[in-house]
Amino acid sequence: MTTTSPITAPDHRRVSKAAVRHEPPRRRRFKPGAGRQHHAGPFAYFALVVVGLGSLFPLYWTLVAASRTQQEVLDTTPPLLPGGNLFNNLEAAWEQASLGKAILNTFIVSSSITLATLFFCTLAGYAFAKMRFKGRNMLMTMVIVTLTIPPQLSVVPLFMLMSDIGWGGQLESVIFPTLVSAFGVFFMRQYLIEALPYELIEAGKVDGANNLRVVWSIVLPVARPAMMVLGMLTFVQAWNDFFWPYLALNDQTPTLQVALGLLSASYVPDQSIVMAGALISTLPLLVVFVIFGKQIVGGIMSGAVKG
């Protein structure tokens, strides 16, 4: 009697292990080390120190020159340490250039331009980013094209226009031509395209909000980080503007930069007093940055993440 050997079932575990052993490795979705916190090396700290010192040196030299005499500043070997004439030079610059009146005029001009730029550029940026109307792309292209036109080309017709209106030598001639900027419109448009979803606007309209309510309750809170950045850039530019205020204003209504220009316009200007005036003009900007620095940096980082 012949006996048949039992049929053994194939070992699925052994086959599956062999198949897994020979299958090609899967591609990793993330690179090795992604998400880890990288620590800066000595070269990075050295580069940061060099850049920081290079950025602070002009301000430090202004302080040194403002605390010295004319002869010491123009010496063959200029001093590198502050002297003892700082307060005397500050007082002389304050009286000779009427810096008190100039600072007040500059603050009025810069604040008016900044507030108007934030208001108009935010509204225009929202319209170009989220509203649908005929000619939107063409109008946006025209706004961008204006960035390529040098501002010096518009000086003569703008000066003639301000003279015809009767604003020659007045602060209005500096404020009104710069109430809105093409860069501000483009900046707010690019930010709101990414930061403001359509669903949020539709939800507000479903709740019965009109366009003004949507702008006040939805658009402005979302655009606040970008508005802080744009406001700081606009304020600094208006504060340091010299070319157009120097042409449009006179000795009776000077801004700070115009007053400093008049201070250095003498036949032999005292460089120490000029530097003292420059130091006075820089201090308000430092105060503004110290107060709003955290919000400005937060707005820049928020824009970087949104991008």
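Conventions used here
Residues numbered from 1 in each chain as written. Predicted model: local features only at pLDDT ≥ 70, side-chain atom pairs only at ≥ 80, totals over all residues. Heavy atoms only, no water. Core = buried A, V, L, I, M, F, W, Y, C linked by side-chain atoms within 4.5 Å. Buried < 20%, exposed > 50% of the residue type's maximum accessible area, 1.4 Å probe, protein only. Helix = DSSP H or I, 4+ residues; strand = E, 2+ residues; numbered from the N terminus. Contact = heavy atoms within 4.5 Å. Phe/Tyr/Trp six-rings, centres within 6.5 Å; stacked < 30°, edge-to-face > 60°. Lys NZ or Arg CZ within 6 Å of the ring centre and 35° of its normal. pLDDT = per-residue confidence, 0-100. Salt bridge = Lys/Arg side-chain N within 4 Å of Asp/Glu carboxyl O. Axes fitted to C-alpha atoms, helices over the stretch in contact; angles between N-to-C directions. Parallel < 35°, antiparallel > 145°, perpendicular 65-115°, else oblique. Left-handed = near helix turned anticlockwise from the far one by under 90°. Nonpolar A, V, L, I, M, F, W, Y, C, P; charged D, E, K, R; others polar. Polar contact = N/O pair within 3.5 Å; in protein donor to acceptor, adjacent residues only side chain to side chain.

Draft legend 1. Quick peek at the nonpolar core. By size, the foremost hydrophobic cluster in this structure holds 24 residues, and its most contacted members are Tyr126, Met188, Leu192, Leu196, Val214 and Val219. Of all the secondary structure elements, the ones that give two or more residues to this core are helix 5 (99–130), helix 6 (136–145), helix 9 (182–195) and helix 11 (211–240). Counting residues per element, this core draws most heavily on helix 11, which supplies nine residues. Each residue touching Tyr126, except ones within four places of it in the same chain, is listed here: Met131, Leu192, Leu196, Ile201, Val214, Val215 and Val219. Residues Ala93, Leu263, Ile273 and Ile280 belong to the second largest nonpolar core, which totals 20 residues.

Draft legend 2. Region of interest: the packing of aromatic side chains. Scanning all chains against the criterion turns up six aromatic pairs. On the basis of an interplanar angle of 75 degrees and a centroid distance of 5.2 Å, the ring pair of Phe119 and Phe120 is categorised as edge-to-face. In this structure Phe120 comes out as partly exposed when scored by relative accessible area, which is 41%. Between Lys130 and the ring centre of Tyr198, over which it is positioned, the NZ or CZ distance is 4.2 Å.

Draft legend 3. Here's a closer look at the environment of Ala93. Tracing the chain through its elements places Ala93 in helix 4 (residues 86–96). Given a relative accessible area of 0%, Ala93 falls into the buried group. When the C-alpha positions of Ala93 and Gly277 are compared, they lie 5.4 Å apart, and in sequence the two are 184 residues distant. If we skip the residues at most four places from it in the chain, Ala93 touches Ser98, Leu99, Leu263, Ile273, Ala276 and Gly277.

Draft legend 4. Summary view of the side chain of Thr234. Position of Thr234 among the secondary structure elements: in helix 11. Among residues more than four places away in sequence, those in contact with Thr234 are Ile113, Thr114 and Thr117.

Draft legend 5. Spotlight on unusual backbone geometry. With a phi angle near 50 degrees, Ser98 is a residue other than glycine that sits in the positive phi range. Among the structural elements, Ser98 can be located in the loop between helix 4 and helix 5. On the basis of relative accessible area, Ser98 is assigned to the partly exposed category, the value being 40%.

Draft legend 6. Region of the structure containing the environment of Pro177. Note that Pro177 resides in the loop between helix 8 (172–175) and helix 9. As for Pro177 and Ile113, which are separated by 64 residues in sequence, their C-alpha atoms are 9.3 Å apart. In this structure, Pro177 is in contact with Leu158, Met162, Glu172 and Trp244, ignoring residues within four places of it in sequence.

Draft legend 7. Spotlight on the confidence of the model for the chain. Mean pLDDT over the chain works out to 81, with 83% of the residues at or above the 70 mark. Note on residues 1–7: pLDDT under 50 across the span, and zero contacts to partners over four residues away in sequence or across chains. Residue range residues 12–20 is modelled with pLDDT below 50. Its contacts to residues more than four positions away, or to other chains, number zero contacts.

Draft legend 8. Geometry of the pattern of salt bridges. Taken as a whole and judged by the stated rule, the model has one salt bridge. We note a salt bridge from Arg68 to Glu72, for which the minimum N-O separation is 3.8 Å. Taking the relative accessible area as the measure of exposure, Glu72 reaches 32% and is therefore partly exposed.

Draft legend 9. Focus on the packing of helix 5 against helix 6. Contact geometry for helix 5 and helix 6: axes closest at 10 Å, N-to-C directions at 135 degrees. Compared by their axis directions, helix 5 and helix 6 come out oblique. When you trace helix 5 past helix 6, the crossing you get is left-handed. Contact residues: helix 5 offers Ala127, Phe128 and Ala129, while helix 6 offers Arg136, Leu139 and Met140. Here the contact of helix 5 with helix 6 is composed, by residue class, of five nonpolar, no polar and one charged.

Draft legend 10. Examining the side chain of Ser272 more closely. Summarising the element assignment, Ser272 is placed in helix 14 (residues 271–306). Among the residues examined, Ser272 registers a relative accessible area of 1% and is labelled buried. Of the polar contacts made by the side chain of Ser272, one reaches the side chain of Asp270; its length is 2.6 Å. Setting aside its immediate chain neighbours within four residues, Ser272 contacts Ala65, Ala66, Arg68, Thr69, Gln70, Val73 and Asn89.

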